[in-house]
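# Per-entry structural report
So you can see what is in the structure, the chains are spelled out below.
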Amino acid sequence: MQFWRKPLDADRIKVPRGEIHVVRDRCKGCGFCVEYCPRDVLELSKEFNIKGYHPPEAVQPEACVHCRLCEMLCPEFAIFVTLREEVATIES
Amino acid sequence: MKADPKGVLTGVHYLDGDHACAEGALAAGCRFFAGYPITPSTEVAERFVARAPFVGGIFIQMEDELGSMAALCGASWGGKKAMTVTSGPGFSLMMENIGLAAMMETPCVVVNVQRGGPSTGLPTMVGQQDMMQARWGSHGDYEIIALSPASPQEAFDYTIKCFNLSEKYRVPVLFMMDECVGHMTEKVVIPKAEEIEIYPRRLTKKPPEKYWPYEFGEDLVPDMIVAGDGYRIHSTGLTHDERGYPVMSPVVQNKLVKRLCEKIKKNADDIIELEEDQTDDAEIIVMAYGITSRVALPAVFKARKKGIKVGYIKMITIWPFPEKRVRELAKKVKAFVMPEINLGQVVLEVERCAAGQAKTYHVPHAGGWVHDPEDIYHVIEEAAK
Amino acid sequence: MNQANANVPEHPMEKLLRMERIPHIWCPTCGIGTVLSCFIAALEKFDYPLNKVAVVSGIGCTGRVAGYIKLDSFHSTHGRAIPFATGLKLANPELKVVVFSGDGDLAAIGGNHLIHAARRNMDLTVICVNNFIYAMTGGQTAPTTPLTANSSTAPYGNSEPPFNLPLLVGSCGAVYVARWTALHIRRLTKSIGEALNKKGFSFIEVIAPCATLYARRNRLGTGLDLMKFYHDNSEIKHGAPLEELDIGFQQKIIVGKFIDRERPTFLDNWNNWLSQKLGDKFVPYGVAPQQVPLRKAG
């Protein structure tokens with residue numbers, strides 16, 4: 001993120017980082033998660049899952065902020081996000 | 001177990017069949033009623049709602065019979081004994097969810113105070129024209145239990161039996177009254193609560209991890225749960241396996257539907273009740289149910305006086321049909337005579353079971369009033385020739 | 001990351017799903033799974049023992065929800081989910097009963113039950129997934145299918161105007177009426193939470209994409225294309241007048257919370273009035289679940 005100046009509480013605010021887990025064989029390739037991830041973390045992979053769909057993969061995993069939109073939006077319960085132990089501060 | 005004294009109006013009363021039926025339900029522990037008014041059954045609902053607030057029961061007049069029957073299924077799964085009443089036109093509407101109750105194996109009691117049909121027919125006059133519909137009304141293969149009372153006292157006693165059978169076999173039980181018995185006022189003796197035997201809901205003793213909703217034992221009837229007790233079961237009207245989950249396969253269909261029918265057929269001896277009189281050496285057997293069983297008596301007595309060996313069977317249980325007994329008797333007797341206030345329904349079963357070994361005579365009546373005993377006597381005479 | 005080894009944690013919603021039946025039968029890009037996901041998310045925040053929550057559904061694609069959720073769930077006959085739920089609730093007032101069904105099931109064959117339950121203010125939470133079509137049976141016209149839309153029983157275009165469900169249910173007396181789309185997941189989850197906590201008849205209409213029938217028959221693409229349509233064409237207007245909430249074919253969809261009011265429930269009326277009228281002899285019925293204050297999102 002770009003800021004004009006460093007926010008005054010930057011050292012107090014921590015941005016969470018999430019780890020994406022895809023249950024590959026449950027995915028039906030709908031594309032909801034790819035379309036609506038606010039950080040453009042996901043893309044449909046080139047590989048096929050067992051049913052012939054292209055499940056998503058995290059192409060920018062460091063950008064994930066654990067918002068869990070993909071987890072709630074997924075109709076198949078095929079993707080979820082866990083909180084990574086370390087959290088990063090806002091880069092200036 | 002014994003009846004809950006709160007619901008038992010012990011004493012000697014002068015009640016009509018409808019009111020006696022409501023009292024029977026309360027005595028049996030029924031605390032949920034969902035119904036829709038229809039002549040001549042409305043008095044059952046009216047009595048129930050007048051008494052329910054004092055015994056901790058709940059009454060809801062639903063928007064139609066379709067909703068009433070669905071509410072019954074829900075209430076039963078919620079742990080309450082549930083009942084509804086209706087007559088012919090409402091009975092037709094309830095068929096869908098009677099099928100649901102049979103499929104989900106939900107105990108409940110549906111009272112049909114029969115009137116002249118078909119369609120709107122004779123709303124205030126007697127008929128016995130829904131007997132086959134009771135057995136076959138809903139689509140698909142299933143078995144139900146149907147009882148028929150012949151007096152307000154029997155309306156009281158057998159309503160309790162209806163509840164007991166429905167709990168024991170997890171099946172909807174149809175109480176096939178008729179308008180005559182429903183609107184006839186007679187002495188009804190309601191005993192003390194401790195003299196009334198109640199069959200309790202067969203709740204499982206297994207813990208949730210080990211319980212499957214449709215796993216069954218020797219008697220082919222699974223144990224039940226109450227929603228909210230932590231079992232988190234799934235029950236569906238779709239063809240399902242022992243876990244309750246829908247499975248679309250002929251193998252599962254065969255297993256399930258056969259069991260739904262077998263659980264009644266196999267236990268028929270326990271379910272069927274008949275009152276017999278002088279059937280051991282009879283040549284003619286008069287079989288009847290409901291009000292007709294009383295109307296047939298003068299004819300039977302007259303025939304006996306004339307020397308005809310007439311046996312008499314009052315059918316308490318109509319379904320499952322007492323096939324075994326009829327087949328047994330068909331080998332010995334000359335003929336069966338069945339008066340019914342319809343143009344031939346249960347008599348078809350008699351004829352089927354007699355299988356040509358004895359003749360079957362029907363005494364039809366299109367409805368609106370009871371038979372003239374003379375007409376029944378003439379048929380007995382005819383049969384004896 | 002792949003679910004390849006046992007060290008990877010399981011999906012957090014699995015404890016409320018009947019995992020032996022997953023993957024479910026809904027089509028790729030169907031929105032029902034998303035609505036179910038929001039429901040489970042709302043349940044996780046719901047301050048009530050989950051053993052006492054029961055789900056009743058009818059027939060149809062949405063009706064299959066009962067088969068996937070790990071609560072006491074009942075899959076009843078077409079249109080009869082609401083009276084079944086009425087009986088269940090009245091028999092055991094401690095239960096929180098949720099009706100999860102589709103637009104055709106609730107508003108067509110179940111229409112009579114819908115309006116009466118709203119009138120009586122039965123304490124039920126109804127989630128109506130509106131995909132504008134009878135999907136399970138092959139795409140027939142529903143009472144919510146927009147005018148001119150195609151369906152299998154209106155192959156040249158629907159000539160019947162649809163129901164405005166919030167108007168219908170609101171005018172019959174529902175105490176909580178909201179509409180969201182399957183895309184508004186966080187607002188929908190919050191709304192479901194509010195409805196669960198609300199005593200009385202709550203109704204949430206969720207516009208959800210149906211790819212295989214509605215979208216295909218009307219050449220609207222996939223469910224993702226429908227979601228994009230909701231994104232561009234839905235407008236949040238809390239408290240909007242109910243008469244303005246009609247949905248035309250590929251027209252603007254107004255979403256939001258429209259009604260949130262208090263009315264005594266069926267059991268409240270039964271107990272209050274009869275205790276007044278009959279005094280000490282009256283045996284009050286049931287213990288209605290107390291209204292649990294909505295937990296702050298957090």
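Bear in mind the structure is a predicted one, so any value in this text is a computation, not a measurement.

What counts, and where the lines are drawn
Residues numbered from 1 in each chain as written. Chains lettered and ligands numbered in written order. Predicted model: local features only at pLDDT ≥ 70, side-chain atom pairs only at ≥ 80, totals over all residues. Helix = DSSP H or I, 4+ residues; strand = E, 2+ residues; numbered from the N terminus. Rg over C-alpha atoms; globule rule 2.2 N^0.38 Å. Buried ≥ 20, exposed ≤ 12 C-beta atoms within 10 Å, placed from the backbone. Contact = placed C-beta atoms within 7 Å. Nonpolar A, V, L, I, M, F, W, Y, C, P; charged D, E, K, R; others polar. Core = buried A, V, L, I, M, F, W, Y, C linked by C-beta atoms within 7 Å. Domains from an automatic or database assignment. pLDDT = per-residue confidence, 0-100. Pairing = 2+ DSSP bridges. Expected span 1.5 Å × (residues − 1).

## Focus: the overall build of chain B
- On a plain count of helices and strands, chain B comes out with 13 helices and 16 strands.
- For chain B, the C-alpha radius of gyration of 21 Å lies close to 21 Å, the compact-globule estimate for 385 residues.
- Structurally, chain B occupies a C-alpha span of about 70 × 50 × 40 Å along its principal axes.
- Within chain B, the fraction of its 385 residues that count as buried is 58%.
- Counting contacts in chain B only where the partners sit at least 6 residues apart, residues at least 24 apart contribute 78% of the total.

## Overview of the overall build of chain A
- Counting its regular elements, chain A contains 2 helices and 6 strands.
- Within chain A, contacts between residues at least 6 apart in sequence are counted, and of these 65% link residues at least 24 apart.

## A word on the interface of chain C and chain A
- Taken together, the contact between chain C and chain A spans 26 residues of the former and 21 residues of the latter.
- If you list the elements that add at least two residues to the side of chain C that touches chain A, you get helix H1 (32–45) and helix H8 (223–233) of chain C.
- Per element, the largest residue contribution to the side of chain C that touches chain A is 6 residues, and it comes from H1(C).
- Here the side of chain C that touches chain A is built from residues that sort into 17 nonpolar, 9 polar and no charged.

## Focus on the nonpolar core
- If you look at the biggest cluster of nonpolar residues, it comprises 236 residues, and the most contacted ones within it are Ile145(B), Val286(B), Ile380(B), Val56(C), Leu88(C), Ile127(C) and Val206(C).
- If you tally residues by element for this core, the top one is H1(C), at 9 residues.
- In this structure, this core is formed jointly by two domains, domain 1 (5–195) and domain 2 (274–384) of chain B, each of which donates at least three residues.
- When sequence neighbours within four positions are dropped, the list of residues in contact with Val286(B) reads Ala296(B), Val300(B), Val310(B), Tyr312(B), Val337(B) and Ile380(B).

## Some thoughts on the confidence of the model for chain B
Residues and elements named next belong to chain B.
- When pLDDT is averaged across chain B, the result is 96; 100% of the residues are at 70 or more.
- Across chain B, the element-wise mean pLDDT spans from 95 in strand S6 (residues 122–126) up to 98 in strand S7 (residues 145–147).
- Predicted complex metrics record ipTM = 0.95 and pTM = 0.94.

## Observations concerning the domain arrangement of chain B
Residues and elements named next belong to chain B.
- With domains assigned, chain B is organised as domain 1 (5–195) and domain 2 (274–384).
- Of note, the centres of domain 1 and domain 2, computed from C-alpha atoms alone, are 26 Å apart.
- If you look at the interface, domain 1 gives 23 residues, while domain 2 gives 22 residues.
- Elements with a minimum of two residues in the side of domain 1 that touches domain 2: S6, helix H5 (131–136), S7, strand S8 (172–178) and helix H7 (179–182).
- Residue contributions to the side of domain 1 that touches domain 2 peak at 4 residues, all from H5.
- The class makeup of the residues in the side of domain 1 that touches domain 2 is 15 nonpolar, 5 polar and 3 charged.

## Topic: the environment of Val53(C)
- Tracing the sequence through the fold places Val53(C) in strand S1 (residues 53–57).
- A C-alpha to C-alpha distance of 28 Å links Val53(C) and Leu274(C), two positions 221 residues apart in sequence.

## Here's the deal with the interface of chain B and chain C
- Contact residues are listed per partner, giving 41 residues for chain B and 36 residues for chain C.
- Of all the secondary structure elements, the ones that give two or more residues to the side of chain B that touches chain C are strand S2 (30–35), helix H2 (42–55), strand S3 (58–61), helix H3 (65–77), helix H4 (88–104) and strand S10 (234–236) of chain B.
- In terms of residue count, H3(B) provides more of the side of chain B that touches chain C than any other element does, 9 residues in total.
- Tallied by class, residues from the side of chain B that touches chain C come to 24 nonpolar, 12 polar and 5 charged.
- Note: S10(B) against strand S2 (residues 72–75) of chain C, 3 bridges, orientation parallel. Bridging across to S2(C), His234(B) finds its partner in Ser73(C).

## Observations regarding helix H1 (residues 17–28) of chain B
Residues and elements named next belong to chain B.
- With 12 residues, H1 extends 16 Å between its outermost C-alpha atoms, agreeing within 8% with the 16 Å of an ideal straight helix rising 1.5 Å per residue.
- Summarising burial for H1: 12 of the 12 residues are buried, a large majority.
- Along H1, the residues that are buried comprise Gly17, Asp18, His19, Ala20, Cys21, Ala22, Glu23, Gly24, Ala25, Leu26, Ala27 and Ala28.

## Looking at the pairing of S8(B)
Residues and elements named next belong to chain B.
- Most of S8 is tucked away: 7 of the 7 residues are buried.
- Side chains Pro172, Leu174, Met176 and Asp178 of S8 all project onto a buried face; the interleaved residues Val173, Phe175 and Met177 project onto the opposite face, where all are buried too.
- Pairing geometry for strand S5 (residues 108–116) and S8, over 7 bridges, is parallel. Counted as the bridge partner of asparagine 112 is methionine 176 from S8.
- The sheet contact formed by S7 and S8 spans 3 bridges and is parallel. In the strand pairing of S8, alanine 146 is matched with leucine 174.

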